[in-house]
Amino acid sequence: MSTTRLNRVGSGWALLLARTALVVVVVALWQVAADQEWVNANFFSSPSDVWHSLGSLSASGDLWRALESTVVVLAIGWVLGELAGLALGIAIGLSKRLNDIIGPIIVFANAVPRILLLPIFVVWYGFGYEPKVLLVVAVMVVFVALNVAAGVREVDGLLVQNMRVHGANAFDLLRHVFFPAVSLWVTSSARVTVGYALQATIGSELLGAESGLGSLISHGQVSFRSDQIIAVLLVAAALAVSVDLLLATLERRAVRWMPKT
Amino acid sequence: MRKRWLNRSATLVLVVAFFVVWQYAGQANVANKLTIGTPAEVFRWIGDWSSGTYTDGWSDLWTTLQEALLGYLLGTVVGVSLAVLIAGVDVLARLVMPFVAAANAVPKIAMAPLFVLAFGTTVACKAYFVSSLVVFISFFAVFNGLRSINRRYLDHVQILGASRWWTVREVYVPAIVGWLITSLRLSWSWSLAAAVFVEYLSSNEGMGHIVQSGQESLDAATVIGALMIIAVVAVCVDAGLVLVERRAKEWRPA
């Protein structure tokens with residue numbers, strides 16, 4: 001009986017209104033708490049300061065340049081990471097021997113926190129685009145490879161044998177069986193992998209890069225401006241949420257043809 | 001059996017070949033020696049580190065582990081409490097879940113500078129940062145778990161006369177512990193990475209600080225050596241957690 005009442009309360013406009021009210025209350029409380037110095041200003045700043053910071057960053061164009069740089073690294077890194085992971089994953093998925101040989105190395109690499117490789121990449125390449133893209137690839141490649149390999153192994157063996165009998169060569173198999181199987185996984189995992197890629201991108205920008213949202217955050221830290229840090233974090237969150245929504249939409253489109261299970 | 005043995009040795013050959021090429025490349029300066037070091041140097045550094053020639057290395061490792069552990073505990077306690085509260089109160093879940101999802105989408109690594117700014121270079125600062133990552137992992141593990149508990153099972157238990165306390169003790173708590181164990185490996189890989197990351201950003205102790213100081217003095221052996229130690233520790237912790245996970249799942253039907 002209680003669920004029906006909840007359903008009425010928790011639907012449509014009422015819910016939207018309640019959520020908006022919640023945001024307003026939280027922001028108002030935050031402002032009051034900051035004004036009255038109830039909270040650590042070094043951590044929480046205040047909504048008005050964050051708003052001003054957002055305004056000035058956007059007016060000077062710094063924010064947009066940083067955003068562009070982050071998106072570029074994210075996009076290039078993600079594509080390269082997917083490609084590298086696909087190549088490796090298909091290879092170890094198809095060849096049992098290869099999997100036996102390099103599998104242990106990949107499992108080891110999977111347990112290493114790969115975001116920590118950045119210092120090495122920076123020592124190699126300096127502070128340009130290369131170490132950032134490389135980090136994104138490094139963070140993604142193992143995850144993608146392991147999952148693609150699992151996907152390749154799940155392909156119906158009977159289907160493969162049937163195609164072989166009918167004269168399909170290795171290329172035909174890749175083109176008509178393995179590629180579609182794997183592309184389904186790429187689509188359905190895109191939201192997770194892009195999330196990893198964004199963490200890696202911004203993480204790499206934090207550590208002394210000259211451009212990107214992460215470097216704006218790092219400037220905020222050096223100049224003791226928590227308002228700037230929070231402002232940029234909000235932009236990063238907005239970027240993350242919009243990319244996620246976009247991918248969710250694309251994913252729904254992509255799997256629309258599939259029979260519902 | 002013989003084939004398996006062959007493949008294992010092939011793996012070993014591959015790893016050894018990697019180190020040989022690396023040593024050669026470093027020595028012959030194929031790539032800049034300053035930037036890649038040589039395995040010989042790296043292993044010498046690791047030897048110095050473990051024997052305490054280099055300023056007591058084990059205490060740095062202990063600091064890092066402490067930060068990761070404290071952060072893990074704090075994040076888990078907060079995450080589980082929030083999950084129980086929000087999953088228990090339906091209205092609350094409807095109200096706040098979109099915000100939780102949005103907060104989870106924030107690249108949380110990027111919050112490290114905020115913690116450094118607010119809490120300085122203390123162990124607590126690192127633990128807070130670690131907990132800010134763990135909290136989401138444990139929250140979602142437990143929240144989704146609580147939501148998936150079979151209603152009919154709860155109804156049965158109630159009809160058979162279980163008290164509220166009994167239900168909590170015998171149904172909810174074991175389930176929550178189960179989900180926490182399932183999320184242990186993920187939490188710990190993030191805990192360690194986050195602790196080292198924030199140390200690297202700003203700190204005067206811990207493995208991340210060693211990496212950072214090595215980078216400042218352009219000492220590739222230190223950077224790579226310290227990262228290797230972290231990697232080995234991470235792999236060992238992960239292997240240990242796999243055992244814990246297997247142990248905990250033993251009694252369950254497949």
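Preceding this paragraph is the structure being described.
A brief structural summary. (Residues numbered from 1 in each chain as written. Chains lettered and ligands numbered in written order. Predicted model: local features only at pLDDT ≥ 70, side-chain atom pairs only at ≥ 80, totals over all residues. Heavy atoms only, no water.)

**A look at the overall build of chain B**
In terms of helices and strands, chain B carries 12 helices and zero strands. The helix and strand sequence of chain B, counted from the amino end, reads α-α-α-α-α-α-α-α-α-α-α-α. By the compact-globule yardstick of 18 Å for 254 residues, chain B is too spread out, its C-alpha radius of gyration being 23 Å. Projecting the C-alpha coordinates of chain B onto the three principal axes gives extents of approximately 75 × 55 × 30 Å. Looking at chain B as a whole, 47% of its 254 residues qualify as buried. Of the contacts made within chain B by residues no fewer than 6 positions apart, 71% connect residues no fewer than 24 positions apart. Accessible surface computed for chain B: about 13,200 Å², of which carbon and sulfur atoms make up 66%. Placing the 19 positive and 15 negative side-chain charges of chain B at their respective mean positions leaves the two points 15 Å apart. (Helix = DSSP H or I, 4+ residues; strand = E, 2+ residues; numbered from the N terminus. Rg over C-alpha atoms; globule rule 2.2 N^0.38 Å. Buried < 20%, exposed > 50% of the residue type's maximum accessible area, 1.4 Å probe, protein only. Contact = heavy atoms within 4.5 Å. Areas by Shrake-Rupley, 256 points an atom, 1.4 Å probe, with all protein chains shown as cover. Lys, Arg positive; Asp, Glu negative; His and termini not counted. Charge placed at Lys NZ, Arg CZ, Asp CG, Glu CD.)

**Let's talk about the layout of surface pockets**
Approximately 1,700 Å³ is the volume found for the largest pocket. Lining of the largest pocket is provided by 39 residues; of these, Val26 and Leu234 of chain A together with Phe99, Ala103 and Val106 of chain B occupy positions nearest its centre. Estimated volume of the second largest pocket: approximately 1,400 Å³. Lining the second largest pocket we find 37 residues, and of these Phe108, Ala109 and Leu117 of chain A together with Phe18 and Met228 of chain B sit closest to its centre. (1 Å grid on protein atoms, 1.4 Å probe; cavity = no way out; pocket = protein on both sides within 12 Å on 5 of 7 lines; lining within 4 Å. Points joined across faces, edges and corners; volume = space filled by probe spheres on them.)

**What about unusual backbone geometry?**
The phi dihedral of phenylalanine 224 of chain A falls on the positive side, at around 55°, and the residue is not glycine. Within the fold, phenylalanine 224 of chain A resides in the loop between α11 (213-222) and α12 (226-254).

**Here we look at the interface of chain B and chain A**
Between chain B and chain A, the residue contacts involve 48 residues of the former and 47 residues of the latter. Both sides of the chain B and chain A interface together cover about 4,400 Å² of buried area, and 79% of this is carbon and sulfur. Considering only the side of chain B, the residues that lose the most area to chain A are Arg94, Leu114 and Leu117 of chain B, jointly responsible for 16% of the buried surface there. Linking chain B with chain A are zero salt bridges, by the criterion used here. One can count seven residue pairs in polar contact (both at pLDDT 80 or more) joining chain B with chain A. Counting only elements with at least two residues in the side of chain B that touches chain A, the list comes to α1 (2-27), α2 (33-36), α5 (90-105), α6 (112-119), α10 (184-201), α11 (207-216) and α12 (220-249) of chain B. The greatest single-element share of the side of chain B that touches chain A, amounting to nine residues, is contributed by α5 of chain B. (Buried area = accessible area lost by both parts, 1.4 Å probe. Salt bridge = Lys/Arg side-chain N within 4 Å of Asp/Glu carboxyl O. Polar contact = N/O pair within 3.5 Å; in protein donor to acceptor, adjacent residues only side chain to side chain.)

**Concerning the pattern of salt bridges**
All names here are of chain B. A full pass over the atoms with the stated rule returns eight salt bridges over all chains. As a salt-bridge pair, aspartate 90 and arginine 94 come within 4.0 Å of each other at their nearest N and O atoms. Here arginine 94 and aspartate 90 lie together in helix α5, a separation of four residues that amounts to about one turn. Overall, the relative accessible area of 26% leaves aspartate 90 in the partly exposed class. Look at the salt bridges and you will find they share partners, linking Asp90, Arg94 and Arg147 into a network.

**A look at the packing of helix α4 (residues 57-88) of chain B against α10 of chain B**
Residue and element names in this part refer to chain B. For the pair α4 and α10, interaxial distance at closest approach is 9 Å and the crossing angle is 130°. Between α4 and α10, the angle is such that the two are oblique. Taken as a pair, α4 and α10 cross one another with a handedness that is right-handed. Seen from α4, the contacting residues are Thr63, Thr64, Leu65, Glu67, Ala68, Leu69 and Tyr72; seen from α10, they are Leu184, Ser187, Trp188, Ser191, Leu192, Ala195, Val196 and Glu199. (Axes fitted to C-alpha atoms, helices over the stretch in contact; angles between N-to-C directions. Parallel < 35°, antiparallel > 145°, perpendicular 65-115°, else oblique. Left-handed = near helix turned anticlockwise from the far one by under 90°.)

**Thoughts on the nonpolar core**
Counting 104 residues, the largest nonpolar core has Leu213 and Leu233 of chain A together with Trp45, Phe197 and Met207 of chain B as its most contacted members. For this core, the leading source of residues is α10 of chain B, giving 12 residues. In terms of nonpolar packing, the next biggest core, distinct from the first, is built from 22 residues, Val96, Phe139, Ala175 and Ile176 of chain B among them. (Core = buried A, V, L, I, M, F, W, Y, C linked by side-chain atoms within 4.5 Å.)

**Digging into empty space enclosed by the protein**
In the structure shown here, the tally under the stated rule is three cavities of 30 Å³ or more. Approximately 50 Å³ is the volume found for the largest cavity. Taken together, Ile115, Leu116, Pro119 and Leu207 of chain A together with Val196, Phe197, Tyr200, Val211 and Leu227 of chain B make up the lining of the largest cavity. Among the elements that make up the lining of the largest cavity, the one with the highest residue count is α10 of chain B (three residues). Taken together, the residues of the lining of the largest cavity sort by class into nine nonpolar, no polar and no charged. (Nonpolar A, V, L, I, M, F, W, Y, C, P; charged D, E, K, R; others polar.)

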